[in-house]
Amino acid sequence: MRGCRRCGCGAARPASRTATPFTCSFVPRYAKYTIAQLRSLDSALREEVWPELSGGKLPDEGQVERWFWEGLASEAEARILYSSDLEGTAFPESGTYGEHAWSLARLANHERSLLRFVEYSIPGVNAPMLYFGMLFSMFCWHVEDNYMYSVSYLHEGAPKTWYGVSPANASEFDRVFKTRGFPDQVAADPQLLLKKSSMLPPSLLLEEGVPVSRVVQRPGQFVVTLPQAYHAGFSHGANTAEAVNFMLADWLPYARLSMAAYRALRREPVLDIEQLVVQAALDSHSAEVEHEAQDLVAEELRLRRQLRKSGCVEQLMEPKDRLYALGRGPPCFVCGHVCHLSFAQLGVDRSHGTSHSPRTEACLLHAAELAEGAAEGGGPLTLFTRYDDAWLQQLPRRGKYAASATLQPPAEVPRYHSVAALAALAAPKPSGEKLKKQKVRR
Ligand SMILES: [Zn+2]
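(A) Summary view of the overall build of the protein chain. Regarding its fold elements, the protein chain presents 16 helices and 16 strands. For the protein chain, with 442 residues in total, the buried portion stands at 41%. Sequence-distant contacts, at least 24 apart, represent 84% of the contacts inside the protein chain between residues at least 6 apart.

So this is what it looks like as structure tokens:
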């Protein structure tokens, strides 16, 4: 349960008629609320905002939307609860609905979904989450982790208004967010958008030439968001929704973009894309995966050759490295990239702890940053690999399906690692301590 408190509690009349950007201070509350309590809070707020409505009548959709942007976004006071991110599903395990392909408890693991190759459970990603909303419960502008597809189902209750921006306009959205929406806040905190706490009125985006789609979702309806499609919205009253991620093969170019974006921000990604591509290729998932595996292997082998030229020593990863973070691999100390296929470190000793040196692994792109330490006597630069070159070379296999992408690919698909390097170098460098403390979210 979390509350979005703009000011406090009380008055309820739009103080402004201008839609303005606003940020929410989400206050996590771990108090237990029953659904009945949430609904009575919803009724109380609705009566405060629209005292003329009686008998639990819902305001019309235009009224809710106007109030959301002109009243809530102004200095009118509001306190809204949103019971979000609760692990679970409201689909039954069996029967017509439970066994239906669109049951969200099954969708992430559908045969065509690449998400089924993630072998551990990540709630809200490959396991559904439930959301209990009330009037004005909102989800602020965001894209999905690693630019995945998402699907949301409204089980029951009041409608939800959604706004969406096409992946083709994602960089334009970023520009408006930074320049017109929250210039000062972004300057102070470059990761503001990732905090999912900022609301930008669609009218401002339209003014800046960014097309915005709008849909009102009613009970029994699904809303699907595309990779790298920014979206936001709010509830019209008490309701119950459920959401999960999935990926089709046409997501793969977006996966590369997301890798570059995480590296630019020096954040460990939610998904280990290298592991996913390897597993999907071993399963001969599709022609798209075969193509992706070819590119991934070519870049990996190129970087290995480069490192070997510098005179590193080499050995296979130890079992504890292969199993690190449920088989993902350690994060790079510079960019946070999950080093699944290989990593570099100074020396060959893999002992870590209070009596040993701190954990410092680098992706092959940032191995040069370790090499400086080697010159100062930190031991030889060592390349640790999960698979040898010969094994990787035979990985791309003929896929089961012909290419069938329906999604427009990004205008520019980065090569594995190369664009990321430039982006990462341009970003401010956080302290090493922070990176070491990053944990895999699951
Ligand atoms: Zn790195």
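(B) The arrangement of the sheet that holds strand β14 (residues 313-316) in detail. Taken in spatial order, the 3 strands of this open sheet run β14-β16-β15, and their pairing is mixed. Single-partner strands in this sheet number two, and they are β14 and β15 (342-346). Put simply, the sheet's adjacent strands are angled 25° from each other on average, direction ignored. Pairing geometry for β15 and strand β16 (residues 381-385), over 5 bridges, is antiparallel. Its bridge partner lying in β16, Leu346 is registered against Leu381.

(C) Fine view of the sheet that holds strand β12 (residues 231-235). The strand order across the open sheet formed by 4 strands is β6-β12-β8-β10, and the pairing between neighbours is antiparallel. Each end of this open sheet is capped by a strand with a single partner; those strands are β6 (138-142) and β10 (213-217). The sheet shows a mean angle of 15° between the axes of neighbouring strands, direction not considered. The sheet contact formed by strand β8 (residues 160-164) and β12 spans 5 bridges and is antiparallel. Within the sheet, the bridge partner assigned to Thr161 lies in β12 and is Phe234.

(D) Structural detail: the environment of Val212. Turning to its location among the elements, Val212 is positioned in the loop between α7 (202-207) and β10. Linking Val212 and Asn169, residues 43 residues apart in sequence, is a C-alpha distance of 9.4 Å. In this structure Val212 touches Tyr163, Val165, Pro202, Leu205 and Leu206, once residues within four positions along its chain are discounted.

(E) Layout of helix α10 (residues 287-309). For α10, with 23 residues, the first-to-last C-alpha span of 33 Å sits near the 33 Å given by 1.5 Å per residue. Taken together, the buried positions of α10 are occupied by Glu288, Val289, Glu290, Glu292, Ala293, Leu296, Val297, Glu300, Leu303, Arg304 and Leu307. Once α10 ends, the next one or two residues include Gly311, with phi positive near 90°.

(F) Highlighting the nonpolar core. Counting residues in each nonpolar core, the largest one holds 82 residues, and the members touching the most others are Trp251 and Val277. If one sorts the elements of this core by residue count, helix α8 (residues 252-264) sits on top with 8 residues. Composition of this core by domain shows at least three residues from each of domain 1 (2-247) and domain 2 (251-437). Discounting chain neighbours no more than four positions away, the residues touching Val277 are Val289, Glu292, Ala293 and Leu296.

(G) Spatial organisation of the packing of helix α9 (residues 273-282) against α10. At a minimum axis separation of 9 Å, α9 and α10 run at an interaxial angle of 125°. Accordingly, the angle class assigned to the pair α9 and α10 is oblique. You can see that α9 and α10 cross each other, and the crossing is left-handed. Residues Glu274, Val277, Ala280 and Ala281 of α9 form the contact with α10, whose participating residues are Val289, Glu290, Glu292, Ala293 and Leu296. Partitioning the contact of α9 with α10 into residue classes produces 6 nonpolar, no polar and 3 charged.

(H) Main features of the confidence of the model for the protein chain. Taken residue by residue, the protein chain gives an average pLDDT of 80. The fraction at 70 or more is 79%. Scored below 50 in pLDDT, residues 1-16 makes 49 contacts in the model with residues more than four places away or belonging to other chains. Note that residues 427-442 has pLDDT below 50 and, in this model, 22 contacts with residues that lie over four places away or in other chains.

(I) Spatial organisation of unusual backbone geometry. With phi around 55°, Gln228 is a residue other than glycine that occupies positive phi space. In this structure, Gln228 sits in the loop between β11 (222-225) and β12. The buried category is assigned to Gln228, around which 26 C-beta atoms lie within 10 Å. Although it is not a glycine, Ala325 sits at a positive phi angle of roughly 50°. For Ala325, the position within the fold is in helix α12 (residues 324-327).

(J) Seen up close, helix α1 (residues 35-49). With 15 residues, α1 should reach 21 Å at 1.5 Å per residue; the first-to-last C-alpha distance of 21 Å fits that figure. Among all positions in α1, only Asp42, Leu45, Arg46 and Val49 are buried. On an axial view of α1, the arc spanned by its buried residues comes to 100°, and they lie on one face. Opposite the buried face of α1, at more than 90 degrees from it, the exposed residues are Ala36, Gln37 and Ala44.

(K) Structural context of the pairing of β6. Burial of β6 is extensive: 4 of the 5 residues sit out of reach of the surface. Summarising the sheet, β6 and β12 pair through 3 bridges and their orientation is antiparallel. Its bridge partner being in β12, His142 is matched across the sheet by His231.

(L) A look at the pairing of β15. Across the 5 residues that make up β15, a large majority, 5, are buried. Alternating positions in β15 separate into two faces, Ser342, Ala344 and Leu346 on one and Phe343 and Gln345 on the other, with burial throughout.

Procedures and definitions
Residues numbered from 1 in each chain as written. Predicted model: local features only at pLDDT ≥ 70, side-chain atom pairs only at ≥ 80, totals over all residues. Helix = DSSP H or I, 4+ residues; strand = E, 2+ residues; numbered from the N terminus. Buried ≥ 20, exposed ≤ 12 C-beta atoms within 10 Å, placed from the backbone. Contact = placed C-beta atoms within 7 Å. Pairing = 2+ DSSP bridges. Axes fitted to C-alpha atoms, helices over the stretch in contact; angles between N-to-C directions. Expected span 1.5 Å × (residues − 1). Core = buried A, V, L, I, M, F, W, Y, C linked by C-beta atoms within 7 Å. Domains from an automatic or database assignment. Parallel < 35°, antiparallel > 145°, perpendicular 65-115°, else oblique. Left-handed = near helix turned anticlockwise from the far one by under 90°. Nonpolar A, V, L, I, M, F, W, Y, C, P; charged D, E, K, R; others polar. pLDDT = per-residue confidence, 0-100. Arc of directions from axis to C-beta.

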